[in-house]
Amino acid sequence: MQIAITRAVSAGIAACELTHLERQAIDLDRARVQHRAYEEALARAGCRVESLPALDELPDSVFVEDVAIVLDELAVITRPGAESRRPETEHMAPVLAGHRRLSFIQEPGTLDGGDVLRLGRRIFVGQSGRSDERGIEQLRAVAWPYGYTVAAVPVSGCLHLKSAVTKVAPGVVLVNPAWIDAAALGDVLVLHIDPDEPYAANGLLVGGRLIYPTSFPKTRRQLEAAGLTVDAVDVSELQKAEGAVTCCSLVFAGS
């Protein structure tokens, strides 16, 4: 059984952190409807969804991926690069303590889960505005005893590594080549997004299904033509907060 931890949309999401997008009005009610539909997609993919209550004082808290990295052997509570997001970790730590032994990224290192891409026993971490060398080195130190390698990957033009690349099938990644050099990932099959859809590289593979935004129809057609099973969800309001489908859940095997 796969577990998916989610958190309801904060009433304060309009005050979210933004780095690469211009601020737009976010329809809170619509965002919440979209988020519930996203949770339903996780359930269709075979997950037991553990939905946490909204944290209205923390605008970005729906994006639970950034505050933790869940490996098979332990969970790493991060130290987000945006100071406003650091209080989110104290709410996630007790939840994950029920599933995994915990480790913590310590000051002054910073690390966002959105910068962490796991391909088997290889972990790639984006060198972004949110994750620094000290945070990456701390992750390397806690992961290597379990047989993981951790490699830093330069990222430019986007918020996180997983804005530029995600795993969409076993051994297959979807990439925006303007934001990352896929050669850094080694021996994988690389699919490119449609160039008209720069934010289209973010999909969430759960089991054999790819949860994917409706906003990128050209890239979606390419994925389906490649034989992938795509479950399209509308996350347009959450995208205004610089969110994506991987951001809104922590998915891992139950213990």
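An account of the accompanying structure is given in this report.

The rules behind each value
Residues numbered from 1 in each chain as written. Predicted model: local features only at pLDDT ≥ 70, side-chain atom pairs only at ≥ 80, totals over all residues. Heavy atoms only, no water. Helix = DSSP H or I, 4+ residues; strand = E, 2+ residues; numbered from the N terminus. Rg over C-alpha atoms; globule rule 2.2 N^0.38 Å. Buried < 20%, exposed > 50% of the residue type's maximum accessible area, 1.4 Å probe, protein only. Contact = heavy atoms within 4.5 Å. Expected span 1.5 Å × (residues − 1). Arc of directions from axis to C-beta. Polar contact = N/O pair within 3.5 Å; in protein donor to acceptor, adjacent residues only side chain to side chain. Pairing = 2+ DSSP bridges. Axes fitted to C-alpha atoms, helices over the stretch in contact; angles between N-to-C directions.

Looking now at the overall build of the chain. A tally of regular secondary structure across the chain gives 6 helices and 15 strands. Relative to a compact globule of 255 residues, whose C-alpha radius of gyration would be 18 Å, the chain shows 17 Å and is just as compact. Viewed in the frame of its principal axes, the chain has a C-alpha envelope of about 45 × 40 × 35 Å. For the chain, buried positions account for 54% of its 255 residues. Residue pairs in contact within the chain that sit at least 24 positions apart in sequence constitute 68% of those at least 6 positions apart.

Another aspect to go through is helix H1 (residues 28–44). With 17 residues, H1 ought to run about 24 Å at 1.5 Å a step, and its terminal C-alpha atoms sit 24 Å apart, in line with that. Among all positions of H1, only Ala31, Gln34, His35, Tyr38, Glu39, Ala41 and Leu42 are buried. Taken down its axis, H1 places every buried residue within 155 degrees of arc, on the same side. Between a side-chain oxygen at the N-terminus of H1 and the backbone nitrogen of aspartate 29 the separation is 3.2 Å; the capping residue is aspartate 27.

A few words now on the sheet that holds strand S13 (residues 209–213). Across the sheet, which stays open at both edges, the 3 strands sit in the order S12-S13-S14 with mixed pairing between neighbours. Of all strands in the sheet, those with a lone pairing partner are strand S12 (204–206) and strand S14 (229–233), marking the two edges. Mean inter-strand twist for the sheet, computed between neighbouring axes without regard to direction, equals 30 degrees.

Turning our eyes to something else, we now look at the sheet that holds strand S5 (residues 101–104). Taken in spatial order, the 3 strands line up as S3-S4-S5 in an open sheet, and their pairing is mixed. The outermost strands of the open sheet, each flanked by one partner alone, are strand S3 (68–70) and S5. Averaged over all pairs of adjacent strands, the angle between strand axes in this sheet comes to 20 degrees, irrespective of strand direction. Packed onto the sheet, helix H2 (residues 88–96) meets S3, strand S4 (74–77) and S5 and runs at close to 170 degrees relative to S4.

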